[in-house]
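So you can see what is in the structure, the chains are spelled out below.
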Amino acid sequence: MSTKTPQSSPEGKNGPVQEERTETPAETSSPSSTAAQATAGATARAAAAPGPSLDRRRWLALAIVMTAAFMDLVDVTIVNIAIPRMREDLGASTSAIQWITAGYALAFAAGLITGGRLGDIYGRKRLFLLGISGFTAASLLCGLAPSPDVLVAARILQGAMAAMMVPQVLAIIHVTFPPHERGKVFGMFGAIVGLGAVSGPMLGALLTEWNILGLEWRPIFLINLPVGIAGVLLGRKFISESKAPTALRLDLVGVVLATLALVMLIFPLTHGRENDWPVWGFVCMIASPFMFGGFIAYEKYKTRKDGSPLVELSLFKVKSFAGGIAVQLTFGIATGIFFLVWTLYMQMGLGWSALKAGATGIPFSLAVSAAAGMSVQKLVPRFGRKVLQGGALVMAVGVLLYIWESRHYGMEISSWQMAAPLVVMGLGMGLIVAPLTDTVLSEVPREHAGSASGLINTTGQMGNALGLGLTSVVFFGLIDDDMVFGPPYVEAFRSALWWVVAVLAVIFAVMFVLPRKAVPMEQREGGAEHSAEHSGEPAAAAEKLPVG
């Protein structure tokens, strides 16, 4: 890698500012993760390694940003398991239940790329501290929420703050550690990501069941307070500031147009059933594609104006990338539907406790982790896209097995009987999520790789939000009275799983446009930068990173 050593400017109140300059971009490979939402790879947006004199405090900085990333990942998976208790305590409607999770995903998706650019422009340490402070404050609001509306608003704020915080994590790691240490560091990051995915549901179940100080579900949010406060205090002291030498400009109009288009689609889906599908809902859904059209037109204008659109539309001329975006979107829809209705099925349908429901998901998480490692290291280099297609088929088989078991055992089904379909589903998911980003980026030109990877992750979050909105149709739409628990929820769960099977069939078909085999990084046009889950923008240059 040919880079110039970052020069330090005089210390400001946020610490020394590292100015990053690059001559020749280098290559990265994307770490991947697994969670309710998903597994990931990360974009390091930094441009160069630190100077020859290494600061021993870099390991403390690593612990701080990894803890913040862990806090975000756990928060994504911890909420689902407590939703039935939230509903009972707050008297939340079905639409409020959906927005508790979908609102976070939508705000997170809308702000990812912008959050990355803000860090490049104003300083990654500054945006990290702002993001973790806001995330902590939003967690407090969630924990104290007196009504469903306040909780939904606080969750949307949480997602927006996460979109500021998380894109900085990998960039800070990148400018803090020299190339020879990054492989080990990103391996540690991958382990943290996996731990967050596995521990989230169980932690949520334990905190809910323990009913600490009679607070019921609220500690799942309040637990973020000491972590966030420590992150702010220590981050101010131990994280060094860094900026990009030439950062893209903000495209706030593009963010607003894209978000409006999504809200016009998702809001009527979540609220339409409770309001007997009013005319305004259909008007909004019909108008949503036109809003997307306005977004595309503006992005073309933005490209001509200053070359810094929110979405690089030329990427969609790459057939494999366009198909990969479709895969990511539909996969997000499938997971958005499954994880919410699965929780409701176990707790409201079968009457299980949060702890029993959380423990039931452990085989699934372990299977995802095992298959993810195997797919990246051994299977994909040999079999290419067939591994991803096989993952879609295996996951569909697991869902079909789940449908059969649910029908066969009915209300008497046990956790150990669920283990088989969950393991099969987990293996299928692991075969997809870990290698997907790298496969999709395989044919993307180097200069657009960072933007492409950020768009892949954003699209996955949008698909997740859309899937959560669709549960109003595919799940709650089949329940006459959602306050009557038991068999109605079990029947609705089985019906919703058929929709998941259908979406997986679409994913399998779309995967034919992916490259037969991903082009090795060293053979690509100068290399490319990748992103992990929750990343925003490209770095100017980066070292080659191992897939985690």
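Residues numbered from 1 in each chain as written. Predicted model: local features only at pLDDT ≥ 70, side-chain atom pairs only at ≥ 80, totals over all residues. Heavy atoms only, no water.

Draft legend 1. Here's a closer look at the overall build of the chain. In terms of helices and strands, the chain carries 17 helices and five strands. When the 548 residues of the chain are sorted by exposure, 61% land in the buried category. For the chain, the share of sequence-separated contacts (at least 6 apart) that also reach a separation of at least 24 residues comes to 84%. Counting only carbon and sulfur atoms, one obtains 65% of the accessible surface of the chain, whose full area is about 20,300 Å². (Helix = DSSP H or I, 4+ residues; strand = E, 2+ residues; numbered from the N terminus. Buried < 20%, exposed > 50% of the residue type's maximum accessible area, 1.4 Å probe, protein only. Contact = heavy atoms within 4.5 Å. Areas by Shrake-Rupley, 256 points an atom, 1.4 Å probe, with all protein chains shown as cover.)

Draft legend 2. Main features of the environment of Met462. Tracing the sequence through the fold places Met462 in helix α16 (residues 449–474). As for Met462 and Phe108, which are separated by 354 residues in sequence, their C-alpha atoms are 8.8 Å apart.

Draft legend 3. Molecular detail of a positive patch on the surface. On the surface, a cluster of positive charge is made up of Arg382, Lys386, Arg516 and Lys517. Inspection of the secondary structure puts Arg382 in helix α13 (residues 362–383). By relative accessible area, Arg382 is classed as exposed at 59%. (Patch = residues over 30% accessible without salt bridge, like charges linked within 9 Å, V, L, I, M, F, W, Y side chains within 5 Å. Salt bridge = Lys/Arg side-chain N within 4 Å of Asp/Glu carboxyl O. Lys, Arg positive; Asp, Glu negative; His and termini not counted. Charge placed at Lys NZ, Arg CZ, Asp CG, Glu CD.)

Draft legend 4. Region of interest: the pattern of salt bridges. With the rule as written, the count across this model stands at seven salt bridges. We note a salt bridge from Arg85 to Glu209, for which the minimum N-O separation is 3.1 Å. Linking Arg85 in helix α2 (residues 83–90) with Glu209 in helix α6 (residues 179–210), this pair joins segments that are 124 residues apart in sequence. The exposure class assigned to Glu209 is partly exposed, which follows from its relative accessible area of 31%. Residue Arg85 pairs with Glu216 through a salt bridge whose shortest N-O separation is 3.2 Å. With Arg85 in helix α2 and Glu216 in the loop between α6 and α7 (219–222), this residue pair connects regions lying 131 residues apart in the sequence.

Draft legend 5. The packing of aromatic side chains, seen in detail. If you walk through the whole model with that rule in mind, you get 21 aromatic pairs. Judged by centre distance (5.8 Å) and plane angle (50°), the ring pair of Tyr298 and Tyr301 falls under tilted. Of this pair, Tyr298 and Tyr301 both sit in helix α10 (residues 279–306), three residues apart, roughly one helical turn. Ring geometry for Phe338 and Trp342: centres 5.2 Å apart, planes at 20°, overall stacked. Of this pair, Phe338 and Trp342 are both found in helix α11 (residues 319–349), four residues apart, which corresponds to roughly one turn of the helix. Among the aromatic residues, ring-to-ring pairing joins Phe338, Phe339, Trp342 and Phe364 into one connected group. (Phe/Tyr/Trp six-rings, centres within 6.5 Å; stacked < 30°, edge-to-face > 60°.)

Draft legend 6. Molecular detail of the nonpolar core. Of all hydrophobic cores here, the largest spans 106 residues; its most connected members are Met86, Phe321, Tyr345, Tyr402 and Phe475. Ranked by residues supplied to this core, first place goes to α11 with 16 residues. When neighbours within four sequence positions are excluded, Phe321 is seen to be in contact with Leu315, Phe316, Val440, Val444, Ala452, Leu455 and Ile456. Judged by nonpolar contacts, the second largest core, of 34 residues, contains Leu62, Ile132, Met161 and Phe189. (Core = buried A, V, L, I, M, F, W, Y, C linked by side-chain atoms within 4.5 Å.)

Draft legend 7. Inspection of the side chain of Gln347 at higher detail. Along the chain, Gln347 turns up in helix α11. A distance of 2.8 Å separates the side chain of Gln347 from the backbone oxygen of Ile81, its partner in a polar contact. (Polar contact = N/O pair within 3.5 Å; in protein donor to acceptor, adjacent residues only side chain to side chain.)

Draft legend 8. Layout of unusual backbone geometry. Even without a glycine there, the phi angle at Leu213 is positive, about 55°. Residue placement: Leu213 occurs in the loop between α6 and α7. Its relative accessible area of 81% is what places Leu213 among the exposed residues. Of note in this structure, Trp277 is not a glycine but carries a positive phi near 50°.

Draft legend 9. Quick look at helix α8 (residues 224–238). End to end, α8 covers 20 Å across 15 residues, agreeing with the expected 21 Å (1.5 Å per residue, within 8%). Along α8, the residues classified as buried are Asn224, Leu225, Gly228, Gly231, Val232, Gly235 and Phe238. Elements in contact with the buried residues of α8: α1 (58–78), α4 (124–144), α5 (148–176) and α7. (Expected span 1.5 Å × (residues − 1).)

Draft legend 10. How the structure looks around the packing of α4 against α8. α8 packs onto α4 with a crossing angle of 160° between their chain directions and a minimal axis gap of 9 Å. Here α4 is positioned roughly antiparallel relative to α8, judged by the angle of their axes. Two packed elements cross with a definite hand, and for α4 against α8 that hand is left-handed. Residues Lys125, Leu129, Ile132, Ser133, Phe135, Thr136, Ser139 and Leu140 of α4 touch α8, and the partners they reach there are Asn224, Leu225, Gly228, Ile229, Gly231, Val232, Gly235 and Arg236. The class makeup of the residues in the contact of α4 with α8 is seven nonpolar, seven polar and two charged. (Axes fitted to C-alpha atoms, helices over the stretch in contact; angles between N-to-C directions. Parallel < 35°, antiparallel > 145°, perpendicular 65-115°, else oblique. Left-handed = near helix turned anticlockwise from the far one by under 90°. Nonpolar A, V, L, I, M, F, W, Y, C, P; charged D, E, K, R; others polar.)

Draft legend 11. Expanded view of the packing of helix α3 (residues 94–122) against helix α9 (residues 252–271). Where α3 meets α9, the closest approach of the two axes is 11 Å, and the angle between their N-to-C directions is 165°. Relative to α9, α3 is oriented roughly antiparallel. Crossing of α3 over α9 shows right-handed handedness. Of the residues in α9, those in contact with Ser95, Gln98, Trp99, Leu106, Ala110 and Thr114 of α3 are Leu252, Val255, Thr259, Leu262, Val263, Ile266, Phe267, Thr270 and His271. Looking at the contact of α3 with α9 residue by residue, the classes come out as nine nonpolar, six polar and no charged.

Draft legend 12. The arrangement of a nonpolar patch on the surface in detail. A cluster of nonpolar side chains, namely Trp277, Phe282, Ile286, Phe290 and Val473, defines an oily patch on the protein surface of about 520 Å² accessible area. Among the elements that make up the nonpolar patch, the one with the highest residue count is α10 (three residues). Along the chain, Phe282 turns up in helix α10.

Draft legend 13. Geometry of the environment of Gly349. Tracing the backbone shows Gly349 in helix α11. Since its relative accessible area comes to 3%, Gly349 is described here as buried. When near neighbours in sequence (up to four residues on either side) are disregarded, Gly349 contacts Leu344, Met411, Gly486, Tyr489 and Val490.

Draft legend 14. The arrangement of the environment of Lys317 in detail. Mapped onto the fold, Lys317 is located in the loop between α10 and α11. Taking relative accessible area as the criterion, Lys317 reaches 75% and is therefore assigned exposed.

Draft legend 15. Expanded view of the confidence of the model for the chain. Per-residue pLDDT for the chain has a mean of 81; in total, 83% of the residues score no lower than 70. The low-confidence segment residues 524–548, where pLDDT is below 50, has 152 contacts with residues more than four positions distant or belonging to other chains. (pLDDT = per-residue confidence, 0-100.)

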